[in-house]
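# Structural description and commentary
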Number of protein chains: 2
Amino acid sequence: MELTRSQLADALSDPLLDAMNFLNEVAMRFPDAISFAAGRPDERFAGLEDAEEDLRRYRAHLMESSGGDERAVIGRLFSYGPAKGMINDLVARYLRVDEGIETGPESLVVTVGAQEGMVLVLRALRRESTDVALAVAPTYAGFTGAARIVGMPVLPVASGPDGVDFDDLRRVAARARADGLRPRCLYVIPDFANPTGLCLPVADRHRLIEVGAEQGLLLIEDNPYGTYVAHGERLPTLKALDRGGQVVYLGSFAKTVMPGARVGFVVADQPVTDGGRRIGRLADELAKIKSMVTVNTSAVGQAVVGGRLLAHDCSLVRANERVAAVYRDNLDRMLRGLEARFGGRPDLSWTSPNGGFFITVRVPFRADEALLEHSARRHRILWTPMSQFYPGSDSGARSLRLSCSALYPDQIDTGLDRLAALVAEQSAPLSA
Amino acid sequence: MELTRSQLADALSDPLLDAMNFLNEVAMRFPDAISFAAGRPDERFAGLEDAEEDLRRYRAHLMESSGGDERAVIGRLFSYGPAKGMINDLVARYLRVDEGIETGPESLVVTVGAQEGMVLVLRALRRESTDVALAVAPTYAGFTGAARIVGMPVLPVASGPDGVDFDDLRRVAARARADGLRPRCLYVIPDFANPTGLCLPVADRHRLIEVGAEQGLLLIEDNPYGTYVAHGERLPTLKALDRGGQVVYLGSFAKTVMPGARVGFVVADQPVTDGGRRIGRLADELAKIKSMVTVNTSAVGQAVVGGRLLAHDCSLVRANERVAAVYRDNLDRMLRGLEARFGGRPDLSWTSPNGGFFITVRVPFRADEALLEHSARRHRILWTPMSQFYPGSDSGARSLRLSCSALYPDQIDTGLDRLAALVAEQSAPLSA
């Protein structure tokens, strides 16, 4: 039976999905290129037997807490588990220790990465075809993709210089309502956003919670990079400042334990009522949806994360001290390297993040897929065109995202030299 | 921020989700009851260190196949992986060895259990609000739930005595078209269906593929139990008989490796065209959706399944010989026990499966949630009301599903005695 794309989900014809495919494909075709594209964690301190050791540690913990009941432990690791998760107690401790978030295990849903968390939250909020999500633009493509999957349009809100343009936020929400739409939520990465690296100031965090309440918007706070502050103090998460349940918090262990575990979580402590009666928390509703999407998160994956948490008294800041120093040094080296090569040029500028994996660079030419392919082939460097973070708009046409998370110093230096060559080539007046 | 259920997804108000929640809750409130409810695999041969050993074996395999490149192996286990999966080659071998299905790794998507597979296939097929799925009724509740999540109505097709009532199938499809709907697929469990235990005869398998082609229906074949034939020969799967790509096959390792890995897969070899040009396979489209739902399936979970496959030359029939004998003996004992207690009663009948985990029993009283609660409290047995397999209909009101997969012989005997007491109590004329 042959299928035509016109018979399949609209979302599959979305340029976004093709764009992400294209990026993977380019990376595979040019494996020797220096990659400023991949936003993945560094593996240099990962060991071959890490997963097994984590698993063993969590198993020992279960044995101890069950009083040595071997069959009970096998039941936990081997079998189906609760849709909400198995390691919620450890995750709640981690949130208290590292993030200053006070929440109970019952408000948590352990998910197959933060990606599934986005799908669950959006699916729960998507009731009518008029329901829409707002997202600070540029927007992480995974969020846009999740919204496509659940059939919820995403309206961009300008980030401005500091992370959220509040005037634009109010304007976008008002215009949506005037168009008969229902803005339900705002997606934001307050700490070292993907792709800009911007970090929302504390005063703006307080203000965002107020504006969220004023506008009836659930704030979806995604925080994959907050652990990796380069210099100075970490800022409190929105969720740590949240007193009225305005914030749903998406957590990821991909950058702090390992992507291969595919474990993230959602904090959703909002009370849910039905006919005036309280029937539970938003987490319970998300778990019901989860039971129909993935049943539950892999017990093995959860055990790996649980074991890692146990090894470090539930502090992933402590667990990642060495790799955090790598990220800090890489970021510093990148920023110094950009300054050395492009400093003073009026036609080129970049963000100066204080942490995380990403820098956004504005360039004086179109940085599109065709140029990426040329860049990979001719200059042997990969980067990410910003267009995928501005779906349906031309705003990102002359920007690119550089990631420096998983590189060695000489790769950064060589990569930036190659970037300079690309920039010189593209900025040069056309010759006959 | 308080949320009301009327602001949340319709699907969350579906009685099906509440029903499944209720079943879990009853099971938790009466942990000492004998459970004919849980359709889970038996754990008696599972060992504490199984997952670690499987992981170690797969790791050794990667080391060997990469020529001892430790960093490459860490990259595979630690990092993000392809959306389509990491162990596709081993899964393809398993399909050839155990299932007689010839397919290449490129036609496979490794999923977070078969549940995610259902979501991906339905989401890919769901283009317009008029798209509908057909499903042989009674229908596994996970399929109905997945369809709710993607917003696709499910139309039931009678199973008849053998598994599929072909007249009803044509009737339902024709009526749907007359109503302006587009029937896109038919969900069916040909081997030891959940909940009836029915097994589709070979002639009907051939016929189903023909009728699927005639009606333009993709057949979604779900096969979690096929490994566990009690007596005689296994029948070929639909996919093994499929020459024209009519069948999408959903596989699960939950019953053959361990539920805790949360690994399943989809075989989707259908060509997809766009404007007459072939652009890939359905598996590629499913992978694109998957990248927005869960990114990829846990490498750790995949490694556990990969390690288990390697340990048994990719035959899970061989790997499960001991537990298959347990399932066979349990099923035989259940059927003999039902005959001994209820044989000859005209008001009570049951299916006689030749494999799998489930038996359906028709009883002369309403077997609903209230009775289940009473049964758990008073008689200390759990079972599953059939209503959840007939959403929106009263067809299952006087039937219950018994599972015998994870019980010891004395539990079966005692459980059936208790069931007999429940039946006697419910069948007795009401006294004043």
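Counting starts from 1 at the beginning of each chain's written sequence and moves along it residue by residue. Note on labels: chains are lettered from A, ligands numbered from 1, in written order. Reporting in this predicted model follows two pLDDT cut-offs: at least 70 for local features of residues, and 80 or more for side-chain atom pairs to be given and counted; totals over whole chains, interfaces and linings ignore these cut-offs and use all residues. As a rule here, side-chain values come from all non-hydrogen atoms in the structure, and water together with hydrogens is ignored.

For chain A, the name recorded in an unreviewed UniProt entry is PLP-dependent aminotransferase family protein, with Actinacidiphila acididurans as its organism. Taken verbatim from the UniProt record of chain A, the Cofactor (unreviewed entry) comment is "pyridoxal 5'-phosphate". UniProt positions are given in the numbering used here, feature names are shortened, and annotations may be inferred rather than shown by experiment.

## Some remarks on the sheet that holds strand β11 (residues 277-281) of chain A
Note: two strands are recorded as paired if DSSP finds a minimum of 2 bridges between them. Per the convention used, a helix needs a DSSP run of H or I reaching at least four residues, while a strand needs a run of E reaching at least two, with both numbered from the N terminus. On the basis of which strands lie adjacent, the open sheet formed by three strands has the order β11(A)-β10(A)-β1(B) and mixed pairing. Only two strands of the sheet have a single neighbouring strand rather than two, namely β11 of chain A together with β1 (3-4) of chain B. Inspection of the sheet shows strand β10 (residues 271-274) of chain A paired to β11(A) by four bridges, in the antiparallel sense. In the strand pairing of β11(A), A:Pro271 is matched with A:Arg281. Across the sheet, helix α10 (residues 282-293) of chain A lies against β10 and β11 of chain A together with β1 of chain B, angled at about 60° from β11(A), the strand it touches most. A contact between two residues is defined here by any heavy atoms of the two lying within 4.5 Å. Angles here are taken between N-to-C directions and fall from 0 to 180 degrees, while the axes themselves are lines fitted to C-alpha atoms, restricted in helices to the stretch in contact.

## So, the UniProt feature "domain: Aminotransferase class I/classII large" (unreviewed entry) in chain A
UniProt records the feature "domain: Aminotransferase class I/classII large" (unreviewed entry) at residues 80-419 of chain A, using the numbering of this structure. Secondary structure across residues 80-419 of chain A comprises 41% helix and 19% strand; the distance between its end C-alpha atoms is 49 Å.

## Considerations on the pattern of salt bridges
For this analysis, a salt bridge means a side-chain nitrogen from Lys or Arg found within 4 Å of a carboxyl oxygen belonging to Asp or Glu. Counted according to the given criterion, the structure contains 67 salt bridges over all chains. A salt bridge links B:Lys290 to B:Glu116; the shortest N-O distance between them is 2.7 Å. Placement of B:Lys290 in helix α10 (residues 282-293) and of B:Glu116 in helix α5 (residues 113-125) is noted, with a sequence separation of 174 residues between them. B:Glu116 matches B:Lys290 in its accessibility class, with the two residues each being buried. Of the charged contacts, one joins B:Asp347 and B:Arg345 as a salt bridge, the two residues approaching to 2.9 Å between their closest N and O atoms. Residue burial is assigned from relative accessible area. The probe radius is 1.4 Å, only protein chains are included, and a residue is buried under 20% of its type maximum, exposed over 50%, and partly exposed in between. A relative accessible area of 34% means that B:Asp347 is categorised as partly exposed. In this structure B:Arg345 comes out as partly exposed when scored by relative accessible area, which is 27%. Several salt bridges converge on common partners, so that one network encompasses A:Glu25, A:Arg29, A:Glu373 and A:Arg377.

## A closer look at helix α8 (residues 202-215) of chain B
Residues and elements named next belong to chain B. Taking 1.5 Å of rise per residue, 14 residues should cover 20 Å, and α8 covers 20 Å from first to last C-alpha, within 8% of that figure. Turning to α8, its buried residues number three or more, namely Asp 204, Arg 205, Leu 208, Ile 209, Val 211, Gly 212 and Gln 215. For α8, the secondary structure elements touched by its buried residues are α7 (166-178), β6 (182-188), β7 (218-222), α9 (238-241) and β8 (247-252). A positive backbone phi angle near 65° is found at Gly 216, which sits one or two residues after α8. For a helix, the expected span equals 1.5 Å multiplied by the number of residues minus one.

## A look at the domain arrangement of chain A
All names here are of chain A. Domain parsing of chain A yields domain 1 (9-38 + 320-427) and domain 2 (55-318). Throughout the structure description, domain borders are defined by an automatic or database domain assignment. The gap between the C-alpha centroids of domain 1 and domain 2 is 27 Å. In this assembly, 27 residues from domain 1 lie in contact with 24 residues from domain 2. Between the two partners, domain 1 and domain 2, sit one salt bridge. For the purposes of these results, a polar contact is taken to be a pair of N or O atoms within 3.5 Å, where, inside protein, one atom must be able to donate a hydrogen and its partner to accept one; residues adjacent in sequence count only when each atom of the pair is a side-chain atom. Between domain 1 and domain 2 we count 16 residue pairs in polar contact (both at pLDDT 80 or more) in total. Listing elements by their share of the side of domain 1 that touches domain 2, those giving two or more residues are α1 (15-29), α13 (321-342) and β13 (358-362).

## What to know about the relation of the copies chain B and chain A
Residues below a pLDDT of 70 in either copy are left out; the C-alpha atoms of the rest, at least 70 in both, set the least-squares superposition of the copies. Superposing chain B onto chain A requires a rotation of 180° together with a translation of 0.0 Å along the rotation axis, leaving an RMSD of 0.0 Å. Viewed as a symmetry operation, the transformation between the two copies matches a two-fold axis. Rotation axis and chain B: the residue whose C-alpha lies nearest the axis is B:Glu52, separated from it by 2.8 Å. The overlap is high: 100% of the interface residues of chain B also sit at the interface in chain A, so the same surface is used on both sides.

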